[in-house]
Amino acid sequence: MTKSTDWSVRDRTVWHQMSGRPAKGAKGPMIVAEGDGAWVTDVEGNRYLDGLSGQWCVNVGYGRARLAEAAAKQLERLAFHPLTRGHLPAIELGERLSGLLGGDRATFYANSGSEANELAFKLVRQYHGLRGEPRRFKIIARYRAYHGSTLGALSATGQAMRRTGYEPLAPGFLHVPPPDPYREGIAEEDLEAYGERCAADLERTIQFELPETVAAVIMEPIITGGGILIPPDSYLPAVKAACERHGVLLICDEVICGFGRTGTWFGHERAGVRPDLVPMAKGITGAYFPLAATVVSDEIFAAFPADPADEGRLRHINTFGGHPGGCAVALETLAIMEEEGLLERSASAGADLLARLRAKLGDHPLVGDLRGRGLLIGIELVADQATRAPAAGAVTGGIVKAAQQRGLLVGRNVDTAAGLDNVIALAPPLSLTDADVDHIVDVLGAVFAEHSSKAVT
Ligand SMILES: Cc1ncc(COP(=O)(O)O)c(C=O)c1O
């Protein structure tokens, strides 16, 4: 029997993320066949600029033969070896990551951002136990943030819409609200005081919970999937200082913000803080190979006994974390980023894109706020600019769909439980060209122009 060439028919055995079985005869999702640069082509030959770098991860763009070759070369040389022992690419990458984070860091490898966060939670609890504070188990996270799909990472996630149906989740996770200057109506001149106030609220939570029961605070430098929430500059340093006052460790989830997304290697660099643990994934290999890492301070590493017979030893193991192919691809990805100046490109193209979107869409009745850092941009949609009432999810969905029809894939936050389903997210490959920036501006200009001529619901 010959196989059908209708991929959407054959796709029926694939269970897609965030969805269930499509109705008989219903058209499934778009199926992508190939990618080059910032663009992907579907099986019908339609081309789209990938304005979300896949899932915020194809940071160096598609079609890099050099990365495929790095993987092939490594897989021929040594396809696999577990990191109960060692291998060369893991060592080289560990050194690189330590250097990028200011030195004196150790790396434990994983396969996904969720797993990297899971390990961070296990490490902070065991670390405190080893130092004689076994009562420190609580992890404080923030509403609206996403930290992953596994049960621990989901427990840290502050989006009810992703948690519901899977509860009860792991105990010991608490949430506080993140800074949200636009929704809180904070004027530019009051921003820094607001950032300090939000950090003080978080510190009060630590105090109310009893500091000696709090193990760690986890936060993304900028909340990404939860609506591109950019905190005031005062916030992260104040949070770090509060953590230090109470012996609480700071975990900065760099799964999206890392690897140039915000114009620096890591999103927290701007704040000048040194987090105790840095989980990372996605852009570390430009998404050419699944790889993640939890990079920790030497102080944490040193607290764990080296002797495998010691009762206090680390009890965490995985098979594919630090796969030689993944580490080789990560090293090559970092080389590409440096050679092509992709951090600078992210900062400058991002600033240009944000300025042009503000000029084009800033006065549109649907646009409440346009914010960004580097190539991480959010367009917050409102039903009413004066009250800032969020636009309905159907409006956000309409914009996403219309952009796709014009050849641009964009993301959206989905926090239906909070009634905040109203931010369009842009995070294109850092290697995008000036013509690609033009395309994004042109498509969104046309899409919003079209939406203003329709009834805005
Ligand atoms: C901030 C953040 N942390 C963790 C994760 C989980 O990463 P993964 O999907 O690789 O498990 C994600 C995924 O989008 C994320 O956005």
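Our structure is the block above this text.
A. Geometry of the site of the ligand. Near the ligand you find Ser 112, Gly 113, Ser 114, Asn 117, Tyr 146, His 147, Gly 148, Glu 220, Asp 253, Val 255, Ile 256 and Lys 282, and these make up its full shell. Here Ser 114 contributes a side-chain N or O atom positioned 2.5 Å from an oxygen atom of the ligand. Within the side chain of Asp 253, an N or O atom sits 2.7 Å from a nitrogen atom of the ligand. Here the shell around the ligand is composed, by residue class, of 3 nonpolar, 6 polar and 3 charged.

B. Looking closely at the pattern of salt bridges. With the rule as written, the count across this model stands at 24 salt bridges. Between Asp 201 and Arg 204 there is a salt bridge, and its shortest N-O distance comes to 3.6 Å. Here the residue Asp 201 and the residue Arg 204 both occupy positions in helix H8 (residues 191–208), the gap between them amounting to 3 residues, near one helical turn. With relative accessibility at 42%, the residue Asp 201 sits in the partly exposed group. The shortest N-O distance in the salt bridge between Glu 203 and Arg 245 comes to 2.9 Å. Taken as a pair, Glu 203 in helix H8 and Arg 245 in helix H9 (residues 235–245) lie far apart in primary sequence, 42 residues in all. Residue Glu 203 is classed as buried on the basis of its relative accessible area, which comes to 13%.

C. Main features of the packing of H8 against H9. One can describe the packing of H8 onto H9 by two numbers: an axis separation of 8 Å at closest approach and a directional angle of 25 degrees. Taken as axis vectors, H8 and H9 run roughly parallel relative to one another. The two elements H8 and H9 meet at a crossing, and its hand is right-handed. Residue-level inspection shows Gly 195, Cys 198, Ala 199, Leu 202 and Glu 203 of H8 in contact with H9, the latter providing Tyr 235, Ala 238, Val 239, Ala 242 and Arg 245. Considering only residue class, the contact of H8 with H9 consists of 7 nonpolar, 1 polar and 2 charged.

What counts and how
Residues numbered from 1 in each chain as written. Predicted model: local features only at pLDDT ≥ 70, side-chain atom pairs only at ≥ 80, totals over all residues. Heavy atoms only, no water. Near = heavy atom within 4 Å. Polar contact = N/O pair within 3.5 Å; in protein donor to acceptor, adjacent residues only side chain to side chain. Nonpolar A, V, L, I, M, F, W, Y, C, P; charged D, E, K, R; others polar. Salt bridge = Lys/Arg side-chain N within 4 Å of Asp/Glu carboxyl O. Helix = DSSP H or I, 4+ residues; strand = E, 2+ residues; numbered from the N terminus. Buried < 20%, exposed > 50% of the residue type's maximum accessible area, 1.4 Å probe, protein only. Axes fitted to C-alpha atoms, helices over the stretch in contact; angles between N-to-C directions. Parallel < 35°, antiparallel > 145°, perpendicular 65-115°, else oblique. Left-handed = near helix turned anticlockwise from the far one by under 90°. Contact = heavy atoms within 4.5 Å.

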